[in-house]
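Residues per chain, in single letters:
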Amino acid sequence: MSQAQQETGARQAPTEEELTRAGLRLSVEGAVARITIARPERRNAMTGRTWTTMAHIGQTLPGDVRIVVISGEGDIFSAGIDLNMFTPEGVDGERSIIDGLAEGTTDDAELDAYIAELQEGFRWLRRPDLVTIAAVRGHAIGAGFQLALSCDLRILADDARFCMKEPALGLVPDLTGTKPLVDIVGVHRAVEICLTARKVGAEESREIGLATLVVGVDELDGAVDDAIAGLLAVNADAAVATKALLQQAADNTLEEQCAAERKAQAGRLTAMVKAMTAGS
C-alpha cells in the first residue's frame, strides 16, 4: 500500500460540490476510478482548482483502486488552461494568476510553491500502485496534452490532436509534461513539437510513440474497457513491483537495474511461498 493510500483515511474525498466547482466528475467502481473533465462550455479548459482537486482525488482514492481513467466530456479532451486565469477577473472566484505579480505581492518563492501545488494534480498519476489511462477524443492542448502525458497509457480516438501551446502564449510547459515528452519522442522531436505549437494527429502520435493505441471514435470506450480488463487480469502486487522497476530503469545503470530486479523478484518469490504455505 502506498503512502497516499495509507493517508486516505485522514482526509475526506472531494464532495460533489467541490468536484463540480473544479469542473470534474469522479466515479469509483471497485478497482477502477474514472475522472472526467466536465467543463464543456469552456471546451473542458482547466483551472488551478481543477488541478488541486485532482491532487485531492489522488490523495483520497480507496486503497483497492488499481486503474484510473481520465477523459473529457463530449468530443474534446481538454483545451488546456482556461485563459481567463490570466485576466484580472480570474475564474469563478479563483484569483487570477497574474494578480499577485502585477501587484508586487507575490515573490519568487510563493510563485514556485503555487506552481508546485498545481503540479501535484499531475504527479500522482505516476504512482506505481496505479495504472493510469488517458482516453483522448479531439483536442488535448497545452495542459491537456501534459495531463495525457502524465498517464501510463494513452488510448486515442482517431480524431485526437495533441498540441503544446504554451510557448506560443509566451509560457513554458510547467505541469510535468516535458520529461515524459522527451522520454517518449526524444529531445529533438520534442523541441519541434513545442516550439512550433503544431497539432500532432492520432496517426502521427501512434508512429512516434505518443499513442498506445488509436481506434475509431465509436470504439474508444470499448478499447479502454478492454485495456482495463487486461490490466486487472494481472496479479496486483506483481503489477506494482513491475511498474516500479520500469520507472527506474532509464536512470539506472545495467548493474543497478539487475540488482533492483533481484530484490523485487526475491520479494515476489517470498510472498508467493508465504501464500502457498498459508493455503496448504
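Caption draft 1: Representation of the overall build of the protein chain. Secondary structure summary: the protein chain contains 12 helices and 9 strands in total. Relative to its length of 280 residues, the protein chain is compact, with a C-alpha radius of gyration of 20 Å against a globular reference of 19 Å. Taking the principal axes of its C-alpha atoms as reference, the protein chain extends roughly 70 × 45 × 40 Å. Looking at the protein chain as a whole, 42% of its 280 residues are labelled buried. Residue pairs in contact within the protein chain that sit at least 24 positions apart in sequence constitute 71% of those at least 6 positions apart. If you sum the accessible surface of the protein chain, you get close to 14300 Å²; carbon and sulfur atoms cover 54% of it. Averaging the locations of the 27 positively and 42 negatively charged side chains of the protein chain gives two centres separated by 3 Å.

Caption draft 2: View of a negative patch on the surface. On the surface, D107, D108, E110 and D112 cluster together into a patch of negative charge. Relative to the helices and strands, D108 resides in helix α5 (residues 108–123). Residue class for D108 comes out exposed when judged on its relative accessible area of 68%.

Caption draft 3: Quick look at helix α12 (residues 254–279). Taking 1.5 Å of rise per residue, 26 residues should cover 38 Å, and α12 covers 37 Å from first to last C-alpha, within 8% of that figure. Taken as a whole, α12 has its buried residues at Q257, A260 and R268. Residues of α12 that are buried sit in contact with α11 (236–249).

Caption draft 4: Region of interest: the pairing of strand β6 (residues 153–157). Among the 5 residues in β6, 4 count as buried, and that is most of the element. By the bridge criterion, 4 bridges tie strand β4 (residues 131–136) to β6 in an arrangement that is parallel. Looking at β6, one finds that A135 is bridged to I155.

Caption draft 5: Structural view of helix α8 (residues 187–196). Three or more residues of α8 are buried, namely A190, I193 and C194. Axial view of α8: buried residues confined to an arc of 90°, hence all on one face. Seen from the open side of α8, the exposed residues pointing more than 90 degrees away from its buried face are H188 and L195. Considering only its buried residues, α8 is in contact with α6 (143–149), α7 (178–185), β8 (200–201) and α9 (202–208).

Caption draft 6: Local environment of the pairing of strand β2 (residues 32–37). The element β2 is extensively covered by neighbouring structure, given that 5 of its 6 residues are classed as buried. Relative to β2, strand β1 (residues 24–29) is paired through 6 bridges, and the arrangement is antiparallel. If you follow L26 over to β2, its bridge partner there is I35. Taken together, β1 and the strand that follows it, β2, pair antiparallel across an intervening segment of 2 residues, in which G30 is found at a positive phi of about 60°. In the sheet, β2 pairs with strand β3 (residues 67–72) via 6 bridges, with the strands oriented parallel. Across the sheet, V32 pairs through a bridge with I67, a residue of β3. On the question of chirality, the crossover connecting β2 to the parallel β3 by way of helix α3 (residues 48–60) is right-handed.

Caption draft 7: Representation of the sheet that holds β8. Read across the sheet, 3 strands follow the order β5-β7-β8 without closing on themselves; strand pairing throughout is mixed. Where the open sheet ends on each side, the last strands, each with one partner, are β5 (139–141) and β8. By the bridge criterion, 3 bridges tie β5 to strand β7 (residues 161–163) in an arrangement that is parallel. Pairing of I141 across the sheet is with C163, part of β7.

Caption draft 8: Expanded view of the packing of α11 against α12. Interhelical geometry of α11 versus α12 gives an angle of 170° and a closest axis separation of 10 Å. By the angle class used here, α11 and α12 are roughly antiparallel. Across the interface between the two elements, D237, A238, A241, L245, Q248 and A249 of α11 pack against Q257, A260, E261, A264 and R268 of α12. Within the contact of α11 with α12, the residues separate by chemical class into 6 nonpolar, 2 polar and 3 charged.

Reading the values: rules and limits
- Each chain carries its own residue numbering, running from 1 in the written order of its sequence.
- Residue-level local features of this predicted model are given only where pLDDT is at least 70; pairs of side-chain atoms are given and counted only at 80 or more, and the full residue set underlies all totals for whole chains, interfaces and linings.
- Based on all heavy atoms of the structure, the side-chain values leave hydrogens and waters out of the count.
- Runs of H or I in DSSP of at least four residues are treated as helices and runs of E of at least two as strands, each being numbered from the N terminus.
- As defined in this context, the radius of gyration uses C-alpha atoms, and a globule is described by 2.2 Å times the residue total to the power 0.38.
- Residue exposure (1.4 Å probe, protein chains only): buried if accessible area is under 20% of the type maximum, exposed if over 50%, otherwise partly exposed.
- Two residues form a contact once any of their heavy atoms are found within 4.5 Å.
- A 1.4 Å probe and the Shrake-Rupley method give the accessible areas. Residues count as covered only by the protein chains that appear here.
- His is not counted here, nor are the chain ends, while Lys and Arg score as positive and Asp and Glu score as negative.
- One atom stands in for each charge, and that atom is NZ of Lys, CZ of Arg, CG of Asp or CD of Glu.
- Without a salt bridge and with relative accessible area above 30%, a residue can belong to a patch; like charges are then joined within 9 Å and nonpolar side chains (Val, Leu, Ile, Met, Phe, Trp, Tyr) within 5 Å.
- Salt bridge criterion: a side-chain nitrogen from Lys or Arg within 4 Å of a carboxyl oxygen from Asp or Glu.
- Any helix carries an expected span of 1.5 Å times its number of residues minus one.
- Whether two strands pair comes down to DSSP finding at least two bridges between them.
- The reported arc concerns the directions from the helix axis to the C-beta atoms and nothing else.
- Whether a crossover is right-handed comes down to one check: with the strands pointing away from the viewer, does the path from the first strand over the helix to the second run clockwise; if it does, it is right-handed.
- Under this scheme, a helix contributes an axis fitted over its contacting stretch, all axes are lines through C-alpha atoms, and angles between N-to-C directions fall in the 0 to 180 degree range.
- Here the word oblique covers every angle except those under 35 degrees (roughly parallel), over 145 (roughly antiparallel) and from 65 to 115 (roughly perpendicular).
- Gly is put with the polar residues, along with every residue not named as nonpolar or charged; the nonpolar set is Ala, Val, Leu, Ile, Met, Phe, Trp, Tyr, Cys and Pro, and the charged set is Asp, Glu, Lys and Arg.

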